[in-house]
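Below, each chain spelled out in residue letters.
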Amino acid sequence: MNIAVAQSGGPTCAINASLAGVYSAAQRVKEIDRVYGVLNGIEGILNDEMVDLSEKITSDVSYQLLLRTPSAVLGSCRRKLPSHRESAEIHEKITEILQKRNIGMFFYIGGNDSMDTVAKYSAYLKDNHIKDIKMIGIPKTIDNDLCETDHSPGYGSAAKYVAATVQEITRDSNVYSIPSVTVIETMGRHAGWLAAASCCIRSNGESAPHLIYLPETTFSIEGFLSDVRNEMKKHRAVIVVVSEGVKTEEGKFAAEEYQSGQKDVFGHCYLSGIGKLLEKLVADKIGCKVRSIELNVMQRCSSHIASLEDIQSSEAIGMAALKAGLSGSSGCMMTFVRESDMPYSYRIDKVDAAKAANSEKFFPREWINEAGNNVLAPAYEYIMPLIQGELHAIMKNGMPLNFVI
């Protein structure tokens, strides 16, 4: 039997660690002949574009590079798979290609929308009594908005990057004697997990960020300006962290006028611009020195500050997925179940992929202060274990080496 692994959706620092975990576990199973890497997600299956990973991962050094390489080395896609009741042909084609290559297990590493693909294809397999193919979802997303799992692989490293970068920006902002406001925009369409991670710098004695705004609460322009004025009475350099997806009382994205209005195939709006909007507001209404900084894709590709805990657990969940497939599981998504915060411990389990598909896990409202402009202690207690440890880069010519297919 052969197996196949694909990656889908937005990349992370840890998505390749899950790929590595599947590959590593498969090497110990005599019944598995080849591990195929599928190029560009489900599109790679439909186009029959695969690589034999044993020809790419040729030594422990290359395996260690794979663990440390950000983004999806197999490429990704954002293709919405129809249900087999809408279009059986596409499912039949996927099955034909998998069976042609004698692929008995297909692992799909992705987020909410990718679990939709796992659920739909698994339903096709079940309804058509196809038992020689198993499909298993492996979670990932820096947004940490996947339901049914304590956290998502990739979030710990992104959270660590956000916190460390906010701390560095705070140091930079404090060098001048004049009052200033710095607005830092993070990713987070509907869930504020990334912006909330900035609170971790308080463990190093920082008072910043002084204001944190998440999509889980209503955002008010007047409230924001009032908050900033209040903080300026206490701090020479005010640090504000805001999720890109904050919304007004009317339910509109606060930075709608700065956004393209375009959507992806799953109907998600392309967001950004709240930082620029708030910079302009501070300049116009308060008149102090102000700058905005959009962290953008650096949140998901900055492997130089990856969390060791994130990489190791992402590798572990890939290994567990292989074990689940061997035991006969299909149509499921692997999950983390937290057992304690300090000391941190978890176990790996699985749920029906349909439970995680097309749904979102929001940052708990009870972890946000009543004013809606900062986070409380439980946020810190939840996030801190996920950012622990460092995975040092393998360097050459003064730069980190990356694994490339």
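In this report, we go over the structure that sits alongside the text.

Parameters and conventions
Residues numbered from 1 in each chain as written. Predicted model: local features only at pLDDT ≥ 70, side-chain atom pairs only at ≥ 80, totals over all residues. Heavy atoms only, no water. Phe/Tyr/Trp six-rings, centres within 6.5 Å; stacked < 30°, edge-to-face > 60°. Helix = DSSP H or I, 4+ residues; strand = E, 2+ residues; numbered from the N terminus. Buried < 20%, exposed > 50% of the residue type's maximum accessible area, 1.4 Å probe, protein only. Lys NZ or Arg CZ within 6 Å of the ring centre and 35° of its normal. Pairing = 2+ DSSP bridges. Axes fitted to C-alpha atoms, helices over the stretch in contact; angles between N-to-C directions. Contact = heavy atoms within 4.5 Å. Salt bridge = Lys/Arg side-chain N within 4 Å of Asp/Glu carboxyl O. Left-handed = near helix turned anticlockwise from the far one by under 90°. Nonpolar A, V, L, I, M, F, W, Y, C, P; charged D, E, K, R; others polar. Expected span 1.5 Å × (residues − 1).

## Overview of the packing of aromatic side chains
Any pair of aromatic rings gets described here by the distance separating the centres and the angle formed by the planes.
Move 1: A full pass over the atoms with the stated rule returns 13 aromatic pairs.
Move 2: Seen in terms of ring centroids, Phe 336 and Tyr 346 are 5.1 Å apart; in terms of plane orientation they differ by 85°. Their pairing is edge-to-face. One end of the pair, Phe 336, is in strand β10 (residues 332-340); the other, Tyr 346, is in strand β11 (residues 345-352), and 10 residues separate them in sequence.
Move 3: Judged by its relative accessible area of 25%, Tyr 346 is partly exposed.
Move 4: For the pair Trp 367 and Tyr 382, a centre-to-centre distance of 5.6 Å together with 45° between the ring planes defines the contact as tilted. You can see Trp 367 sitting in the loop between α12 (353-356) and α13 (377-383) and its partner Tyr 382 sitting in helix α13, a full 15 residues away along the chain. Per residue, the accessibility class of Trp 367 equals that of Tyr 382, and both read buried.
Move 5: Site record: aromatic cluster; members linked through ring pairs are Tyr 155, Trp 193, Phe 363, Trp 367 and Tyr 382.
Move 6: The lysine or arginine in question, Arg 101, covers the ring of Tyr 36, its NZ or CZ lying 4.9 Å from the ring centre.
Move 7: Above the plane of the ring of Trp 193 lies Lys 361, whose end atom (NZ or CZ) is 5.2 Å from the centre.

## A word on the sheet that holds strand β7 (residues 211-213)
Move 1: Taken together, 4 strands build an open sheet; the order of strands is β7-β8-β6-β9 and the sheet is parallel. Both edges of this open sheet fall to β7 and β9 (289-294), since each of them pairs with a single strand only. Strand-to-strand, the axes of this sheet are offset by a mean angle of 15°, without reference to chain direction.
Move 2: Both strand β6 (residues 180-186) and β9 contribute to a ladder of 6 bridges, which runs parallel. Looking at β9, one finds that Thr 182 is bridged to Arg 291.
Move 3: Along the sheet, helix α6 (residues 155-173) contacts β6, β8 (237-243) and β9; its crossing angle with β6, the most-contacted strand, is approximately 165°.
Move 4: Here helix α9 (residues 274-285) sits on the sheet in contact with β6, β8 and β9, set at roughly 175° to β9.

## With respect to the environment of Ile 138
Move 1: Relative to the helices and strands, Ile 138 resides in strand β5 (residues 134-139).
Move 2: For Ile 138, a relative accessible area of 0% puts it in the buried group.
Move 3: Along the primary structure Ile 138 and Gly 110 are separated by 28 residues, whereas in three dimensions their C-alpha atoms are 6.4 Å apart.

## Observations regarding the pattern of salt bridges
Side-chain pairing between opposite charges can occur once the charged atoms of the two side chains come close.
Move 1: As enumerated under the stated definition, the model contains 14 salt bridges in all.
Move 2: Lys 280 serves as the salt-bridge partner of Asp 284, at 3.0 Å between the closest nitrogen and oxygen. Residue Asp 284 and its partner Lys 280 are located together in helix α9, separated by 4 residues, close to a single helical turn.
Move 3: Of the charged contacts in the structure, one is a salt bridge between Arg 338 and Asp 341, with a shortest N-O distance of 2.7 Å.
Move 4: On the accessibility criterion, Arg 338 (18% relative accessible area) is buried.
Move 5: The network of salt bridges with shared partners includes Asp 48, Lys 100 and Arg 101.

## Notes on the packing of helix α8 (residues 221-232) against α9
Move 1: Viewed as axis vectors pointing N to C, α8 and α9 meet at an angle of 65°, and their least axial separation amounts to 11 Å. Helix-helix and strand crossings are classified by hand; for α8 and α9 the assignment is right-handed. Contact residues: α8 offers Ile 221, Phe 224, Leu 225 and Arg 229, while α9 offers Leu 277, Leu 278, Leu 281, Val 282 and Lys 285.
Move 2: Grouping the constituent residues of the contact of α8 with α9 by class yields 7 nonpolar, no polar and 2 charged.

## Observations regarding helix α5 (residues 112-127)
Move 1: Between its first and last C-alpha atoms α5 spans 23 Å; for 16 residues at 1.5 Å apiece the expected length is 22 Å, and the two agree.
Move 2: Among the 16 residues that make up α5, 13 are buried, leaving the element largely enclosed by the rest of the structure.

## Overview of unusual backbone geometry
Trans is the common state for peptide bonds, and a negative phi is the common state for residues other than glycine.
Move 1: Residue Pro 209 is bonded to the preceding Ala 208 through a cis peptide linkage, with omega at -10°.
Move 2: Along the chain, the position of Pro 209 falls in the loop between α7 (193-196) and β7.
Move 3: The linkage connecting Met 342 with the following residue, Pro 343, adopts the cis geometry, with an omega of 0°.
Move 4: Counting through the fold element by element, Pro 343 comes out in the loop between β10 and β11.
Move 5: The phi angle at Ser 71 is positive, at roughly 70°, despite the residue not being glycine.
Move 6: Mapped onto the elements, Ser 71 comes out in the loop between α3 (60-68) and α4 (88-100).

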